[in-house]
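Letter by letter, the chains look like this.
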Amino acid sequence: VHKVPADYFLTYDVHNIRNCINALEKQKEIIASSDIQNVSVPAQTHISIAKMGLDALIAKQEQILILRRMNELEKENNILRNLYKRTR
């Protein structure tokens, strides 16, 4: 009706990204509570590396989520701007 693009109404991906972030956070909790022993490199080193990797994955997913939200807001802003111009 007002030339609103169809993808404006598709928010399924945003929920998937949020679920992925929650799963990564849970993995961090599991790693933090693990008791790793009998390895040549100290267990704390392995845990630190795993935590850094998970932190990087979480940050990347949050970045994607923010970029998608920004894209949605830009589209919404353009639609509202067009509607405002038409009513003037």
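Preceding this section is the structure that the text describes.
In what follows, the accompanying structure is described. (Residues numbered from 1 in each chain as written. Predicted model: local features only at pLDDT ≥ 70, side-chain atom pairs only at ≥ 80, totals over all residues. Heavy atoms only, no water.)

### Focus on the overall build of the protein
Each helix and strand counted, the protein has two helices and zero strands in total. Going through the 88 residues of the protein one by one, you find that 12% of them count as buried. Intrachain contacts of the protein at a sequence separation of at least 6 include 79% that bridge at least 24 residues. In the form shown here, the protein has an accessible surface area of approximately 7,100 Å², with 57% of it arising from carbon and sulfur atoms. (Helix = DSSP H or I, 4+ residues; strand = E, 2+ residues; numbered from the N terminus. Buried < 20%, exposed > 50% of the residue type's maximum accessible area, 1.4 Å probe, protein only. Contact = heavy atoms within 4.5 Å. Areas by Shrake-Rupley, 256 points an atom, 1.4 Å probe, with all protein chains shown as cover.)

### A closer look at the nonpolar core
With six residues, the main nonpolar core is built from Ile 17, Ile 21, Leu 24, Leu 54, Ile 58 and Leu 65. With sequence-adjacent residues up to four places away left out, Ile 17 is seen in contact with Gln 61, Ile 64, Leu 65 and Arg 68. (Core = buried A, V, L, I, M, F, W, Y, C linked by side-chain atoms within 4.5 Å.)

### A look at a nonpolar patch on the surface
On the surface, Ile 66, Leu 67 and Met 70 cluster together to form a nonpolar patch covering roughly 290 Å² of accessible area. With respect to the helices, strands and loops of the structure, Leu 67 is situated in helix α2 (residues 43–87). Judged by relative accessible area, Leu 67 falls into the partly exposed class, the value being 48%. (Patch = residues over 30% accessible without salt bridge, like charges linked within 9 Å, V, L, I, M, F, W, Y side chains within 5 Å. Salt bridge = Lys/Arg side-chain N within 4 Å of Asp/Glu carboxyl O.)

### Comments concerning the pattern of salt bridges
Applying the stated criterion across every chain, the model contains one salt bridge. Here Arg 69 ties to Glu 72 by a salt bridge, and the two come within 3.0 Å at their closest N and O atoms. Here the residue Arg 69 and the residue Glu 72 both occupy positions in helix α2, the gap between them amounting to three residues, near one helical turn. Arg 69 sits in the partly exposed class, given a relative accessible area of 42%. Of the residues examined, Glu 72 reaches a relative accessible area of 16% and is grouped as buried.

### Let's talk about the side chain of Gln 61
Along the chain, Gln 61 falls in helix α2. Once you skip the residues sitting within four places of it in the chain, Gln 61 turns out to touch Ile 17, Cys 20, Ile 21 and Leu 24.

### Regarding the environment of Gly 53
Assignment of secondary structure puts Gly 53 in helix α2. Classification of Gly 53 by relative accessible area gives partly exposed; the value is 33%. Distance in space between the C-alpha atoms of Gly 53 and Leu 24 is 10.0 Å, their sequence separation being 29 residues.

### Re α2
Residues lying three or four places apart along an α-helix face the same way, a consequence of the helix completing one turn every 3.6 residues. Compared with an ideal rise of 1.5 Å per residue, which puts 45 residues at 66 Å, α2 spans 66 Å between its outermost C-alpha atoms and is within 8% of the ideal. For α2, the complete set of buried residues consists of Ala 43, Ile 47, Leu 54, Ile 58, Gln 61, Leu 65, Glu 72 and Ile 79. (Expected span 1.5 Å × (residues − 1).)

### Structural notes on the environment of Gln 44
Within the element layout of this structure, Gln 44 appears in helix α2. Its relative accessible area of 51% is what places Gln 44 among the exposed residues. For the pair Gln 44 and Ala 32, spaced 12 residues apart in the sequence, the C-alpha separation amounts to 9.5 Å.

Everything listed here is a matter of geometry and, on its own, says nothing about what the molecule does.
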